[in-house]
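Now for the letters of each chain:
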Amino acid sequence: MKIGIGLSVAVPGRPPREIRQWAEDSERLGFHSLGSIDRLIYDILDPLVSLGAAAAVTERIQLFTSVLNVGWRNNPILFAKQLATIDLISEGRLTAGLGIGGWPDDFAASGAPTKGHGKLFDDALTEMRRVWDGDVKSISGATPLPGAGRPRLLIAGLVQAGYARAARFGDGWVAPTLSRELLTNGVRGVNEEWAKADRSGKPQILTGRYFCCGPDATDVMSEYVAHYYGSKDPQDNEPILADSIDSDERLLDELIVLSRAGVDDVVLYPASSSLDQVHLLAEALERVGARRNPTFEFTADSGHTAMNGTAVDDGEMELR
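Just so it is clear, the structure is predicted and the values come from calculations on it, not from any experiment.

(A) Examining the overall build of the protein more closely. Secondary structure assignment for the protein yields 13 helices and 12 strands. In terms of overall dimensions, the protein is globule-like: its C-alpha atoms have a radius of gyration of 19 Å, near the 20 Å expected for 320 residues. If you line up the protein on its principal axes, its C-alpha atoms span 65 × 45 × 40 Å. Every one of the 320 residues in the protein was classed for burial, and the buried ones make up 54%. Restricting to contacts in the protein with at least 6 residues of sequence separation, those with at least 24 account for 74%. Put simply, the protein shows about 13900 Å² of open surface, and 51% of that area lies on carbon and sulfur atoms.

As structure tokens, this is what we get:
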């Protein structure tokens, strides 16, 4: 399982110009990917612009979205052109995780339809592929085109129709950032649809988890989740916090569970925008048995080795 780190674009109060340093440090320290989440009506930097900036200052690190919301983006041709631009700037490093979107305020503000989202999603994906294949043209030619089969797509969805959409349009599936049960059911469902569609190989599975490092990690995590999800009720936030990471012990546990569930890529999204989070997370990953090969990877076996070693047994479980 390959390990990436999210950009700090969704952390309120983040210094926007530090996105460049965050991306450069993440590549230098061995993270496999940089990720971004997506909302419209929230204090978040635009994920497409942010990933374009990250692409321009890096050379190797992969770029993921988990996920970009297609449902309230009303112009699939424009959206396809934006994704193609990032893919071209990064020289093919973009894998776009796409979903319908679930925040009512985003749909209301964009004037998107409130019904028929599944068909609209299918239609948008079809049109976007036509753009990337060069079939949408004016008298002056087509938009900038990525290479064949680019950008790579991973499709989100938590029902059978969503798994089938991933098998039809994508290279794999994006799991939500919470719930081991949803992950397990989704991996099984998308593999079933992959076989029905007679697709070769196996679907790529991507998911994310929130993390925070430092002595106040638990409090910072709770504050971030409450702000992002709009509730200060601990019961509302417990499902998200249950799979969030604020210690070496929880980091190791999540990595083992995700690896065993068949996840290929995990992106760890920050609850703090402090630049030291990149360094502290890299150190924590090494303590729990992740290896750079040449970028961070993890297997359950390597995790058990770390669990039996001094780094974890000494009781230093805090993500420092």
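(B) Geometry of the pairing of strand S2 (residues 33-36). Across the two faces of S2 the burial is the same, with Ser33 and Gly35 and Leu34 and Ser36 all buried. For strand S1 (residues 2-6) and S2, the ladder comprises two bridges, and the chain directions are parallel. Across the sheet, the residue bridging to Gly6 is Gly35, located in S2. Taken together, S1, helix H1 (residues 18-28) and S2 form a β-α-β motif whose crossover is right-handed. Note on the crossover from S2 through helix H2 (residues 47-56) to strand S3 (residues 62-69): the handedness is right-handed.

(C) Fine view of the nonpolar core. Grouped together as the largest cluster of nonpolar side chains are 90 residues, with contacts concentrated most on Phe31 and Leu98. Beyond its immediate sequence surroundings of up to four residues, Phe31 is in contact with Ile3, Gly4, Ile5, Ser26, Arg60, Ile61, Val278, Leu281, Ala282, Leu285, Thr295 and Phe296.

(D) Representation of the packing of aromatic side chains in the model. In the structure shown here, the tally under the stated rule is nine aromatic pairs. With centroids separated by 6.4 Å and ring planes inclined at 80°, the aromatic side chains of Tyr210 and Tyr229 adopt a geometry described as edge-to-face. Placement of Tyr210 in strand S9 (residues 204-211) and of Tyr229 in helix H8 (residues 217-229) is noted, with a sequence separation of 19 residues between them. The exposure class of Tyr210 is buried, given its relative accessible area of 3%. Look at Tyr229 and you get partly exposed, because its relative accessible area is 27%.

(E) View of the packing of H8 against helix H9 (residues 234-241). Orientation of H8 relative to H9, taken along the N-to-C sense of each, is 110°, at an axis distance of 10 Å. As summarised for this structure, H8 and H9 are arranged roughly perpendicular, according to the angle between their axes. Between H8 and H9, the residues in contact are Met221, Ser222, Val225, Ala226 and Tyr229 and Asn237, Ile240 and Leu241, respectively. Per-class residue counts for the contact of H8 with H9 are six nonpolar, two polar and no charged.

(F) Summary view of the side chain of Thr295. Take Thr295: it is sitting in the loop between strand S11 (291-292) and strand S12 (296-297). There is a polar contact of 3.4 Å between the side chain of Thr295 and the side chain of His32. Once residues within four sequence positions are removed from consideration, Thr295 is found in contact with Gly30, Phe31, His32 and Arg60.

(G) Up close: the pattern of salt bridges. Under the criterion given, the structure shown has 17 salt bridges. In this structure, Arg180 engages Asp253 in a salt bridge whose closest nitrogen and oxygen atoms are separated by 2.7 Å. You can see Arg180 sitting in helix H7 (residues 180-196) and its partner Asp253 sitting in helix H10 (residues 248-261), a full 73 residues away along the chain. With a shortest N-O distance of 3.4 Å, Glu193 and Lys196 are connected by a salt bridge. One end of the pair, Glu193, and the other, Lys196, are both in helix H7, three residues apart, so they sit about a helical turn from each other. Residues joined in a network through salt bridges with shared partners are Arg180, Arg209, Asp243, Asp253 and Glu254.

The rules we used
Each residue is numbered by its place in its chain's sequence as written, counting from 1. Given that the model is predicted, a residue must reach a pLDDT of at least 70 before its local features are reported, and side-chain atom pairs must reach 80 or more before they are shown or counted; all residues, however, enter totals for whole chains, interfaces and linings. Hydrogen atoms and water are omitted, and side-chain values are computed over all heavy atoms in the structure. Helical segments are the DSSP runs of H or I of at least four residues, strand segments are the runs of E of at least two, and each set is numbered from the N terminus. Using C-alpha atoms as the atom set, the radius of gyration is obtained and then compared with a globule rule of 2.2 Å times the number of residues to the power 0.38. Exposure is judged per residue with a 1.4 Å probe applied to protein chains only, and the accessible area is read against the type maximum: over 50% gives exposed, under 20% gives buried, and values in between give partly exposed. Only heavy atoms enter the contact rule, under which two residues are in contact if any of them lie within 4.5 Å. What sets the accessible areas is the Shrake-Rupley method with a 1.4 Å probe; for residues, cover comes only from the shown protein chains. Two strands form a pair only when DSSP identifies at least two bridges running between them. Handedness of a crossover: with both strands directed away from the viewer, a clockwise path from the first strand across the helix to the second marks it as right-handed. By nonpolar core is meant a set of buried Ala, Val, Leu, Ile, Met, Phe, Trp, Tyr and Cys residues that side-chain atoms within 4.5 Å join together. Only rings of Phe, Tyr and Trp enter the pairing, Trp through its six-membered ring, and a pair is recorded when the two centres are within 6.5 Å. The plane angle decides the type: under 30 degrees is stacked, over 60 is edge-to-face, the rest tilted. To get an axis, fit a line to the C-alpha atoms, keeping to the stretch in contact for a helix; angles then go from 0 to 180 degrees between the N-to-C directions. Oblique is the label for any angle not under 35 degrees, not over 145, and not in the 65 to 115 range, which are roughly parallel, roughly antiparallel and roughly perpendicular in turn. In the scheme used here, Gly and all other residues not listed as nonpolar or charged are polar, with Ala, Val, Leu, Ile, Met, Phe, Trp, Tyr, Cys and Pro taken as nonpolar and Asp, Glu, Lys and Arg as charged. Polar contacts here mean pairs of N or O atoms no more than 3.5 Å apart (in protein, one a potential hydrogen donor and the other a potential acceptor; neighbouring residues in sequence count only if both atoms are side-chain atoms). Salt bridge, as used here, is a side-chain nitrogen of Lys or Arg placed within 4 Å of a carboxyl oxygen of Asp or Glu.

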